[in-house]
Amino acid sequence: MTESILKNLKPAKRYALALMETAESFDVQEIYDVMQFILNTINQNEELYTFLNSPVIKKEDKTAVLSEIFSKICMQTKTPLQNCVLNFLNLLIENNRFIILPEIVKCLQDDINESKNALRASITSVIELSENEKFALLDKLKQKTGKEILPEFSIDKNILGGIVIKINDTVIDLSVKKRIENLKTLKDRYER
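Described in the following lines is the structure provided in the data block. Since we're looking at a predicted model, the values are computed, not measured.

Turning our attention to the pattern of salt bridges. Applying the stated criterion across every chain yields a total of five salt bridges. Put simply, Lys-134 and Glu-128 hold a salt bridge, and the shortest N to O gap is 2.9 Å. We classify Lys-134 as buried; its relative accessible area is 13%. What you see here is one network of salt bridges that share partners, running through Lys-106, Asp-110 and Arg-120.

With that out of the way, let us pick up the packing of aromatic side chains. By the definition in use, this model includes one aromatic pair. Ring geometry for Tyr-15 versus Phe-88: centroids 6.3 Å apart, planes at 70°, classification edge-to-face. Taken together, the positions of Tyr-15 in helix α1 (residues 3-22) and Phe-88 in helix α5 (residues 82-94) put the pair 73 residues apart, joining distant regions of the chain. For the pair formed by Tyr-15 and Phe-88, the shared burial category is buried. When the ring centre of Phe-153 is taken as reference, the NZ or CZ atom of Lys-134 above it lies at 4.7 Å.

Quick look at the sheet that holds strand β3 (residues 162-167) now. Pairing is mixed across the open sheet formed by four strands, whose spatial order is β2-β1-β3-β4. Both outer strands of the open sheet, β2 (148-155) and β4 (170-175), are each paired with one neighbouring strand and no more. Pairwise comparison of adjacent strand axes, ignoring direction, gives a mean angle of 15° for this sheet. Where strand β1 (residues 118-125) lies against β2, eight bridges are found, and the strand directions are parallel.

Moving on, we come to the environment of Gln-29. Among the secondary structure elements, Gln-29 is positioned in helix α2 (residues 28-43). It is 8.5 Å that separates the C-alpha atoms of Gln-29 and Leu-108, two residues lying 79 residues apart in sequence. In contact with Gln-29, not counting residues within four places along its chain, are Ile-112 and Lys-116.

The subject of this paragraph is the side chain of Asn-113. Residue position: Asn-113 is located in helix α6 (residues 101-115). For Asn-113, the contacting residues outside a window of four places in its chain are Ala-118, Arg-120 and Leu-150.

Procedures and definitions
Residues numbered from 1 in each chain as written. Predicted model: local features only at pLDDT ≥ 70, side-chain atom pairs only at ≥ 80, totals over all residues. Heavy atoms only, no water. Salt bridge = Lys/Arg side-chain N within 4 Å of Asp/Glu carboxyl O. Buried < 20%, exposed > 50% of the residue type's maximum accessible area, 1.4 Å probe, protein only. Phe/Tyr/Trp six-rings, centres within 6.5 Å; stacked < 30°, edge-to-face > 60°. Helix = DSSP H or I, 4+ residues; strand = E, 2+ residues; numbered from the N terminus. Lys NZ or Arg CZ within 6 Å of the ring centre and 35° of its normal. Pairing = 2+ DSSP bridges. Axes fitted to C-alpha atoms, helices over the stretch in contact; angles between N-to-C directions. Contact = heavy atoms within 4.5 Å.

This is how it looks when you write it as structure tokens:
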């Protein structure tokens, strides 16, 4: 996890909590779905992303553009969350926190997972794991955490072999690359 994401995680959690409190009459999943839709829309339009996150553009211009776009989005999705979410997005702009929107959406997803007694896990291997390997790994993680595991599998040839598991802020690095680094570190200590 990069330093900027760690720095943004604490305020993102506060903003996610504030959004859930102001929209408490709505389902958390519905709030998340709308926010994820907005985030995807912004991320798919590089000009809009740059505009909303630019420090040189006036906040009033940002809120006007956001209001126009968001009212069209709400008409398409027919969500009654329009005023609540639009006010929230305007608050992010006013407080120069729009850049942490991805972390806020992640915090909302984490809250949903927590309410369902589930954890997201990023699992990286050098080759595609078989279905049996995936099942066995997820079963072990479920036993260790006591929670349902929501996996995201990926492949990275740079780890040379083994797997790397990331759950929240915890990294379990069982890769060959890490083992080689550990051996080099031990060798350096003994040579001193």
